[in-house]
Amino acid sequence: QVQLVESGGGLVQPGGSLRLSCAASGSLSSIRAMGWYRQAPGSQRDLVALITAAGVTDYATSVKGRFTISRDNAKNTVFLQMNALEPEDTAVYYCNVVFLPLDAPPRIRLGVPGTSWGQGTQVTVSS
């Protein structure tokens, strides 16, 4: 199974910022689309940001303009810069491979996650 290790979560005030990191094993991760998912208690796990191997990105409406996904393919690492955090952003954040159709632009609504999940990292936004 692919190994995924998320880090960087924590407790921040509304309006604050956090930078999450994801270390992904396997050389193939550098040519796959990757994404960040989040899950709050009692909620579904939703894709909020993705980035293709070529660097094309897409975001869920709820985070667009506030979150930025990036990657360092040489280090098999994916980042999520989160700014202007809101209490509604509170969740466990996971990274994963994102499978996308090759005949369409990469879009959040088309993303399918890999089957191997890491432990995630908790983000709590509260005053």
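Keep in mind that this is a model prediction, so the values were computed, not measured.

Conventions adopted
Residues numbered from 1 in each chain as written. Predicted model: local features only at pLDDT ≥ 70, side-chain atom pairs only at ≥ 80, totals over all residues. Heavy atoms only, no water. Phe/Tyr/Trp six-rings, centres within 6.5 Å; stacked < 30°, edge-to-face > 60°. Helix = DSSP H or I, 4+ residues; strand = E, 2+ residues; numbered from the N terminus. Buried < 20%, exposed > 50% of the residue type's maximum accessible area, 1.4 Å probe, protein only. Pairing = 2+ DSSP bridges. Disulfide = S-S within 2.5 Å. Lys, Arg positive; Asp, Glu negative; His and termini not counted. Salt bridge = Lys/Arg side-chain N within 4 Å of Asp/Glu carboxyl O. Polar contact = N/O pair within 3.5 Å; in protein donor to acceptor, adjacent residues only side chain to side chain. Contact = heavy atoms within 4.5 Å.

Applying the stated criterion across every chain, the model contains two aromatic pairs. Pairing Y37 with W117 gives two aromatic rings, centres 5.1 Å apart and planes at 85°, and the pair type is edge-to-face. Pair noted here: Y37 is in strand 4 (residues 33–39) and W117 is in the loop between strand 10 (112–113) and strand 11 (121–125), with a separation of 80 residues, a long-range link. Exposure remark for W117: the relative accessible area of 30% places this residue in the partly exposed category.

Let us look at the pairing of strand 8 (residues 77–82). A large share of strand 8 lies buried, amounting to five of its six residues. For strand 3 (residues 18–24) and strand 8, the ladder comprises six bridges, and the chain directions are antiparallel. Residue pairing in the sheet places A23 in a bridge with T77 of strand 8. Of the pairings in the sheet, the one linking strand 7 (residues 67–72) to strand 8 comprises six bridges and is antiparallel in character.

A separate point is the state of the cysteines. Two cysteines whose sulfur atoms are joined by a covalent bond form what is called a disulfide. Under the defined criterion, the tally for this structure stands at one disulfide. One disulfide bridge connects C22 with C95, the sulfur atoms lying 1.8 Å from each other. Residues C22 and C95 are joined by a disulfide whose S-S torsion is about 60°; by sign, that bridge is right-handed. With C22 in strand 3 and C95 in strand 9 (residues 91–99), this residue pair connects regions lying 73 residues apart in the sequence. Given the relative accessible area of 1%, C22 is considered buried. The buried category is assigned to C95, whose relative accessible area is 0%.

For residues other than glycine, phi is negative in most cases, and the peptide bonds are mostly trans. Even without being glycine, N76 reaches a positive phi, approximately 50°. When you line up the elements, N76 lands in the loop between strand 7 and strand 8. Although it is not a glycine, A84 sits at a positive phi angle of roughly 50°. Position of A84 among the secondary structure elements: in the loop between strand 8 and strand 9. A relative accessible area of 38% means that A84 is categorised as partly exposed.

Right, let's get into the side chain of E6. Within the fold, E6 resides in strand 1 (residues 4–7). Among buried Asp, Glu, Lys and Arg side chains, E6 stands out as unpaired, with R45 the closest opposite charge at 7.4 Å. At a separation of 3.0 Å, a polar atom in the side chain of E6 contacts the main-chain amide nitrogen of C95. Once residues lying within four places of it in the same chain are set aside, the contact partners of E6 are S21, C22, W36, Y93, Y94, C95, G118, Q119, G120 and T121.

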